[in-house]
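So the chains spell out like this:
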Amino acid sequence: MRSSTHVIPLRRLHEAMCRVVRGFGSSEDEVQAVAGNLIEANLTGHDSHGIGMLPRYAEAFLEGGLKPNAHVQVVSDAGALLRLDGQAGFGQVIGREAMALGIERALAHGSCIVALGNAHHLGRIGAWAEQVAAAGLVSLHFVNVIARGIVAPYGGADARFGTNPFCAGVPLAGRPPVILDFATSTIAQGKTRVAHNKGEPVPPGCLLDDHGQPTTEARYGVVPPFGALLAFGEHKGYGMALMCELLGGALAAGMTQRNDDTRRRRVLNGMFSVLVDPSVVADRGAFEREALAFIDWVQASPPREGFGPVQVAGDAERASRAMRSAEGVPVDGTTWLEILDAAAKLGVAPAQVNAAAGLA
């Protein structure tokens, strides 16, 4: 059965989500950072990483796995290489602070490696590539996930690791940056939650049931007995997920996913980031002219039947942001009820959240 959908104006949604986040006891700066980052994910069309994460955050907080008002801690400093500890703080704060430190060092040294561990859910990783690109820097990000395993290795029948995203950002003069951001699974785990809440199936070839058999029933990614997502591109996505675990997990965080405990609700991320000033590598003008000429060449390809004009990474997110900013953000009814329930657990009156969103 499909869930009804609310379309909430951006200003009202922001006010409502700030009310919820204040229930964590966060400082006002943290409230704005968390609410703003989650809503931005919804605006870009990535509802899997948006406000629907708040119920999971509330459960993590109540079990002691998420620490409000934490800040990034420098564990070791080698100039152009930083190892950081997120102290289980909100990833929306920790990610921004970690990238700010990396940007400062990359501008000073030409490049910087940032090894971040023990951050609570970093959200949409593209946000951090966008932050770096706004400073004129190129970046690469390899991320692991410490939580219930949800993705099966190639040829395996059960889950052994997380969706382990990869992201890259390239700033270019005269146009928005190219931001490539994807889970190494066929779909993000949050998309199974969104589909389950909407009463919709997931696409074929994405999910296994609890017996290792293919299924389109989204519940196997959300409620017990759990199944497993598949990696994209079969062995290729699996190989990339493995590298994210080795770099973002073993190297950057000192923690890999090796626990099948489904009870803990916290989501910890490790992230291995490489930030580079392109003007130190090459003549920036020549680099940008060549990059833009290539993008123009690619986008001049005539569209196939059933497709629109050729896009590059980041275009779809910007189009969604413009549309939803103007028309409002859709939130399915089941997700909204889960957010209201989370608000109540945090001591925030659901009626006040509804009123702020204009749904009273």
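Residues numbered from 1 in each chain as written. Predicted model: local features only at pLDDT ≥ 70, side-chain atom pairs only at ≥ 80, totals over all residues. Heavy atoms only, no water.

A.B. asks: For this particular structure, what's the right way to read the side chain of Thr163?
C.D. replies: With respect to the helices and strands, Thr163 occurs in the loop between strand S5 (138-146) and strand S6 (166-172). Beyond its immediate stretch of four places on either side in the chain, Thr163 contacts Val145, Ile150, Val151, Ala183, Thr184, Ser185, Ile187, Ala188, Gln189 and Leu229. (Helix = DSSP H or I, 4+ residues; strand = E, 2+ residues; numbered from the N terminus. Contact = heavy atoms within 4.5 Å.)

A.B. asks: In this structure, what is going on with helix H7 (residues 235-253)? I would like to understand it.
C.D. replies: Since the α-helix turns once every 3.6 residues, residues separated by three or four places project in the same direction. Residues of H7 that are buried include every one of Gly237, Ala241, Cys244, Glu245, Gly248, Gly249, Ala252 and Ala253, and no others. Buried-residue contacts for H7 involve strand S3 (81-85), strand S4 (111-120), S5, S6 and strand S11 (268-276). (Buried < 20%, exposed > 50% of the residue type's maximum accessible area, 1.4 Å probe, protein only.)

A.B. asks: It is not clear to me how the sheet that holds S5 should be interpreted in this structure. Could you clarify?
C.D. replies: To summarise the sheet geometry, strands pair through backbone hydrogen bonds and adopt either a parallel or an antiparallel arrangement. The seven strands are arranged S2-S3-S4-S11-S5-S6-S7 in an open sheet whose pairing can be described as mixed. With partners counted over all chains shown, the strands left at the sheet margins are strand S2 (73-77) and strand S7 (175-182), one partner each. Each strand of the sheet is rotated relative to its neighbour by a mean of 15 degrees, with strand direction disregarded. Pairing analysis gives six bridges linking S6 to S7, with the strands arranged antiparallel. Each bridged residue has a counterpart across the sheet, and for Ala168 the counterpart in S7 is Leu180. Most of the contacts of helix H4 (residues 91-109) go to S4, to which it runs at about 165 degrees, and overall it touches S2, S3, S4, S5 and S11. Against the sheet, helix H9 (residues 284-299) engages S6 and S7, with an angle of about 110 degrees to S6. (Pairing = 2+ DSSP bridges. Axes fitted to C-alpha atoms, helices over the stretch in contact; angles between N-to-C directions.)

A.B. asks: Any chance you could explain the pairing of S5 here in plain terms?
C.D. replies: Here is the key point about a regular strand: its side chains alternate between the two faces of the sheet. Of all the nine residues making up S5, eight are buried; the element is thus mostly covered by neighbouring parts of the structure. Bridging between S5 and S11 involves nine bridges; their strand directions are antiparallel. Bridge pairing links Leu140 to Val274 in S11. When S5 meets S6, the two strands line up antiparallel, connected through four bridges. Directly across from Ser139, in S6, lies its bridge partner Gly169.

A.B. asks: What is the right way to look at the side chain of Asn269 in this model?
C.D. replies: Structurally, Asn269 can be placed in strand S11. On the basis of relative accessibility, which here comes to 5%, the residue Asn269 falls in the buried class. In this structure the side chain of Asn269 is engaged in a polar contact, spanning 2.9 Å, whose partner is the backbone oxygen of Asn144. Setting aside chain neighbours within four positions, we find Asn269 in contact with Leu116, Gly117, Asn118, Ala119, His120, His121, Leu122, Val143, Asn144 and Val145. (Polar contact = N/O pair within 3.5 Å; in protein donor to acceptor, adjacent residues only side chain to side chain.)

A.B. asks: What is the right way to read the pattern of salt bridges from this model?
C.D. replies: If the charged atoms of two oppositely charged side chains come close together, the side chains can form a pair. This structure, assessed with the given rule, holds 13 salt bridges. Between Arg321 and Glu130 there is a salt bridge, with the nearest N and O atoms lying 3.8 Å from each other. Remark: Glu130 occurs in helix H5 (residues 126-134) and Arg321 occurs in helix H10 (residues 315-327); sequence separation between them is 191 residues. Residue Glu130 is classed as partly exposed on the basis of its relative accessible area of 25%. Across the pair Arg318 and Asp315 runs a salt bridge, and its minimum N-O distance is 3.0 Å. With Arg318 and Asp315 both in helix H10 and three residues apart, this pair spans about one turn of that helix. The class for Asp315 is buried, based on a relative accessible area of 18%. Residues joined in a network through salt bridges with shared partners are Glu40, Arg124, Glu130 and Arg321. (Salt bridge = Lys/Arg side-chain N within 4 Å of Asp/Glu carboxyl O.)

A.B. asks: Would you mind going over a nonpolar patch on the surface with me for this structure?
C.D. replies: A surface patch of nonpolar side chains, about 260 Å² in accessible area, is lined by Leu242, Met243 and Leu246. Within the secondary structure, Leu242 sits in helix H7. (Patch = residues over 30% accessible without salt bridge, like charges linked within 9 Å, V, L, I, M, F, W, Y side chains within 5 Å. Areas by Shrake-Rupley, 256 points an atom, 1.4 Å probe, with all protein chains shown as cover.)

A.B. asks: What is the right way to read unusual backbone geometry from this model?
C.D. replies: Apart from glycine, the bulk of residues carry a negative phi angle, and the bulk of peptide bonds sit in the trans form. Across the junction of Pro224 and Pro225, the peptide omega takes the value -5 degrees, indicating a cis bond. Considering the arrangement of structural elements, one finds Pro225 in the loop between strand S9 (214-215) and strand S10 (228-229).

A.B. asks: I tried to follow the packing of aromatic side chains on my own but got confused; where do I start?
C.D. replies: Any pair of aromatic rings gets described here by the distance separating the centres and the angle formed by the planes. As enumerated under the stated definition, the model contains seven aromatic pairs in all. When the ring of Phe24 is compared with that of Phe90, the centres are 5.2 Å apart and the planes differ by 90 degrees; the resulting orientation is edge-to-face. Note that Phe24 is positioned in the loop between helix H1 (10-22) and helix H2 (28-43) and Phe90 in the loop between S3 and H4, a separation of 66 residues in sequence. Comparing Phe24 with Phe90, the two get one shared label, buried. Judged by relative accessible area, Phe90 falls into the buried class, the value being 0%. Chaining the aromatic ring pairs together yields one cluster made of Phe24, Tyr57, Phe61 and Phe90. The ring of Phe226 has Arg148 sitting right over it, with the charged end atom 3.6 Å from the ring centre. Over the face of the ring belonging to Tyr220 we find Arg219, whose NZ or CZ atom lies 4.4 Å from the ring centre. (Phe/Tyr/Trp six-rings, centres within 6.5 Å; stacked < 30°, edge-to-face > 60°. Lys NZ or Arg CZ within 6 Å of the ring centre and 35° of its normal.)

A.B. asks: Would you take a moment to explain the sheet that holds strand S8 (residues 207-208) for this structure?
C.D. replies: Judged by pairing direction, the sheet is antiparallel, and its three strands sit side by side in the order S9-S8-S10 without closing on themselves. Each edge of the open sheet is held by one strand with a lone partner, namely S9 and S10. Pairing of S8 with S10 involves two bridges; the strand directions are antiparallel. Its bridge partner lying in S10, Leu208 is registered against Ala228.

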